[in-house]
Amino acid sequence: MDDVALVLDGHSRAAVEVVQALGRLGVRVDVGVEAEECAAFHSKYAHRKLRQPSPASPDEFARWLRARHEERSYTLIVAATESSLLSLRALPPDDPLRVKAVLPSNEALDAALNKQTTWELARRLGVRVPDSVLIERLEAVPQVDSYPVILKPVSSKVIIDGRLVTLAPAVVRDDRERLSYLKRWLSHVAVQQQSYVYGHGVGVEFLYDRGRKVWHFAHERIHEYPLTGGGSTYRRSLWPAPQLLHASEQVLNALAWHGVAMLEFKAEPDGGYCLMEINPRLWGSLALTIDAGVNFPLGVLRLACGMPPLPQPAYRRSYYTRYLPDDLVWLRENMRAEHGDALLLTRSRLMSVLEYCRPLIGRESWDHFDVRDLGVTRVLIRKIVSDHAGLLRAKAGAWMLARKARRRHRVIVSRSGPPVNSLLFLCHGNVCRSPFAEQWAKRKLPEVRIASAGFHERGDRSPPGDILAVAASMGVSLSHSRSKRVTRALIDAADLILVMDMQNYASLAREFPQALDRTTLLGFFASEALANITDPYQSAEEEIRRVFAQISVAVDGLSAWMERKRSPTGARTPYAGVSS
């Protein structure tokens, strides 16, 4: 076969699968990527490795693409992510480069890429969709009857400060969290607010030839990461229910679709299916369709060549594929997660481990692992080893740092010397924990100089409203508090520095290592010693109150120790806040 293909966005999982699938067919494949390195570059099927320009500059991207096409006369161009898809969309409909990319009309593409247009189309066709309201201005934010809700930017890709940025949907649980997202997003893009749909993800994949369905495939997501919902790290092929297939075809037929698309649904507890969005390109779980028997890259290649499409292939049902690097992360998070939380898509811990036996019975394969293309396999194995070795090193380092912190605390509280006349409380943002500790300590220790600061780069921020309210209910006013970044002058002025958690302790160790002999964790002064007083930022009221109660108890313990230290016999009185 003399065909030459260009696969863009080689960093993506779909791109790796396309390179391998086309390479096995004898197609010469060029791979483009913005970064210096990607897994697809290590495939034996990657003939040329190209540095593609940013899709944020469509004109530069088009010039680069035309130059490469003049050199190679590509048969097929594959946009493996939405970024390059948007650049190809900017080309005229009859442009040869766009024709070789096998794309639908601009109207159809825009309907798929804009979540509001997709929602309106599905609603008009009678396809089930979540209840939704469009928010375009911060001044017109509607009320929410009950949480959680989903916030979805109507466009996943927006240009911010000259860069093409991805905005992913978010599950929000309260007004404060919702407002935080809307403030960040609405200056760039309108946002859908949708009712939360409980259920697991189902995808239906299609190949269309100028408005006529050629192939279909379906799968369900077994593991989604993050646990609140996202891309699949483990999935299973299935034959789509008739109503699912009918709803999908209604939408794509109405758009006179051409090329590939995946429609994403939620399978609801009542047996119905709710359309979430359209993915108008090859998908991250492409490995499953290929390994189960539907080679979509081959189908697209035939359309690009003007060859008649092959009949619908038979495919293996209840076949599984796994993207191992991310699925190992999913496994770790699933082990730690609160399985009673209805918003987390958790699975049985035991079953999640036993599922790793499926390759032994021939019902599972792993994305990109191919004995005919061991270069990619080696890259994945190195990534897994590196990620987990890094995690183990980080855990070991954290354990050693915590051990040193406890040892230093015992030295600090037991040594003799002058009384402590100045305190500095530190946390990350200096809008929640450290200002509350500062004000509580000022009431207990009026004769001591007390300050607070944080490691966050931006200063002059006020505490959030819920933090102010809970603090006020406990008799502490933070209304005049403004955050500030910790400086050497603040460090040098403090006789004793108190941090809230081990992350703060590590930050101080990096920036001001000379201050560690005057630093300890505030929680060590509590009646039941705590290494970490967690950050209550963007937490529920009960959690904020719990954290502030921990701080007040710890400051009371600190005050009692300082009073003993000031007493004539205090320097000889050991303090047992942290045990060995």
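Residues numbered from 1 in each chain as written. Predicted model: local features only at pLDDT ≥ 70, side-chain atom pairs only at ≥ 80, totals over all residues. Heavy atoms only, no water.

1. Quick look at the packing of aromatic side chains
No. 1: Tallied over the entire structure, the rule returns 13 aromatic pairs.
No. 2: Measuring from centroid to centroid gives 5.6 Å for Phe525 and Trp561, while their planes differ by 45°, and the two rings are tilted. Of this pair, Phe525 sits in the loop between strand E21 (519–521) and helix H18 (541–566) while Trp561 is found in helix H18, placing the two residues 36 residues apart along the sequence. Taken individually, Phe525 and Trp561 each receive the classification buried, so the pair is uniform in this respect.
No. 3: Among the aromatic residues, those joined into a ring-pair cluster are Trp215, Trp283 and Phe296.
No. 4: Sitting over the ring of Tyr181, Arg184 keeps its end group 4.6 Å from the ring centre. (Phe/Tyr/Trp six-rings, centres within 6.5 Å; stacked < 30°, edge-to-face > 60°. Helix = DSSP H or I, 4+ residues; strand = E, 2+ residues; numbered from the N terminus. Buried < 20%, exposed > 50% of the residue type's maximum accessible area, 1.4 Å probe, protein only. Lys NZ or Arg CZ within 6 Å of the ring centre and 35° of its normal.)

2. Topic: the confidence of the model for the protein
No. 1: Mean pLDDT over the protein stands at 92; residues scoring 70 or higher make up 98%.
No. 2: Taken as a whole, residues 570–576 scores under 50 in pLDDT and shows 14 contacts with residues more than four places along the chain or in a different chain. (pLDDT = per-residue confidence, 0-100. Contact = heavy atoms within 4.5 Å.)

3. Comments concerning the nonpolar core
No. 1: Core analysis: the biggest nonpolar cluster contains 46 residues, and Leu22, Leu76, Leu207, Leu282 and Phe296 have the highest contact counts within it.
No. 2: Ranked by the residues each element gives to this core, the list is headed by helix H1 (residues 13–24), at 7 residues.
No. 3: The residues contacting Leu76, other than those within four sequence positions of it, are Val4, Ala5, Leu6, Leu22, Lys100, Val102, Val300, Leu301 and Ala304.
No. 4: Formed by 36 residues, the second largest nonpolar core is a distinct cluster that contains Ile412, Leu522, Leu558 and Trp561. (Core = buried A, V, L, I, M, F, W, Y, C linked by side-chain atoms within 4.5 Å.)

4. Brief notes about the pairing of strand E4 (residues 76–79)
No. 1: Burial along E4 is two-sided: Leu76 and Val78 and Ile77 and Ala79, pointing in opposite directions, are all buried.
No. 2: The sheet contact formed by strand E1 (residues 4–8) and E4 spans 4 bridges and is parallel. Its bridge partner being in E4, Leu8 is matched across the sheet by Ala79. (Pairing = 2+ DSSP bridges.)

5. Concerning the sheet that holds E21
No. 1: Reading across the sheet, the 4 strands line up as E19-E18-E20-E21 and stay open at both edges, with parallel pairing between neighbours. The open sheet has two free edges, formed respectively by strand E19 (449–454) and E21, since each of these has just one partner strand. Pairs of neighbouring strands in the sheet enclose a mean axial angle of 25°, with direction left out of account.
No. 2: The pairing of strand E18 (residues 422–427) with E19 spans 6 bridges and is parallel. Bridge pairing links Leu423 to Ile450 in E19. (Axes fitted to C-alpha atoms, helices over the stretch in contact; angles between N-to-C directions.)

6. With respect to the sheet that holds strand E5 (residues 132–135)
No. 1: If you trace the 4 strands from one edge of the open sheet to the other, you get E5-E10-E6-E9, paired in antiparallel fashion. In this open sheet, the two strands that pair with only one neighbour each are E5 and strand E9 (170–172). Neighbour to neighbour, the strand axes of the sheet diverge by 25° on average, direction disregarded.
No. 2: Two strands pair when backbone bridges link them, and strand E6 (residues 149–153) and E9 are joined in this way by 3 bridges, in the antiparallel orientation. Looking at E9, one finds that Leu151 is bridged to Ala170.
No. 3: Sheet strands in contact with helix H6 (residues 115–125) are E5, E6 and strand E10 (191–195), and its direction is about 45° off that of E10.
No. 4: Most of the contacts of helix H7 (residues 175–185) go to E9, to which it runs at about 145°, and overall it touches E5, E6, E9 and E10.

7. Brief notes about unusual backbone geometry
No. 1: With omega at 5°, the peptide bond leading from Tyr147 into Pro148 counts as cis.
No. 2: You can see Pro148 is positioned in the loop between E5 and E6.
No. 3: The peptide bond linking Tyr225 to Pro226 adopts the cis configuration, its omega dihedral lying at 5°.
No. 4: In this fold, Pro226 is placed in the loop between strand E12 (212–225) and strand E13 (231–238).

8. As for the side chain of Thr519
No. 1: Tracing the backbone shows Thr519 in strand E21.
No. 2: Here Thr519 falls in the buried class, since its relative accessible area comes to 0%.
No. 3: A polar contact of 2.7 Å, which involves the side chain of Thr519, links it to the backbone oxygen of Ala515.
No. 4: In contact with Thr519, other than residues within four places in its own chain, are Ile412, Ile497, Val499, Tyr505 and Leu508. (Polar contact = N/O pair within 3.5 Å; in protein donor to acceptor, adjacent residues only side chain to side chain.)

9. Looking at the pattern of salt bridges
No. 1: Under the counting rule described, the total for this entry stands at 37 salt bridges.
No. 2: In this structure, Asp30 engages Arg72 in a salt bridge whose closest nitrogen and oxygen atoms are separated by 2.9 Å. With a gap of 42 residues between them, Asp30 in strand E2 (residues 28–33) and Arg72 in helix H2 (residues 58–72) connect regions that are remote in the sequence.
No. 3: Residue Asp30 is classed as buried on the basis of its relative accessible area of 0%.
No. 4: Asp95 is the salt-bridge partner of Arg66, the closest N and O atoms lying 2.5 Å from each other. Of the two residues, Arg66 sits in helix H2 while Asp95 sits in the loop between helix H3 (82–89) and helix H4 (96–100), which places them 29 residues apart along the sequence.
No. 5: A residue is classified by how much of its surface remains accessible, and Arg66, at 34% relative accessible area, is partly exposed.
No. 6: Among the residues examined, Asp95 registers a relative accessible area of 7% and is labelled buried.
No. 7: Several salt bridges converge on common partners, so that one network encompasses Asp30, Arg48, Arg68, Glu71 and Arg72. (Salt bridge = Lys/Arg side-chain N within 4 Å of Asp/Glu carboxyl O.)

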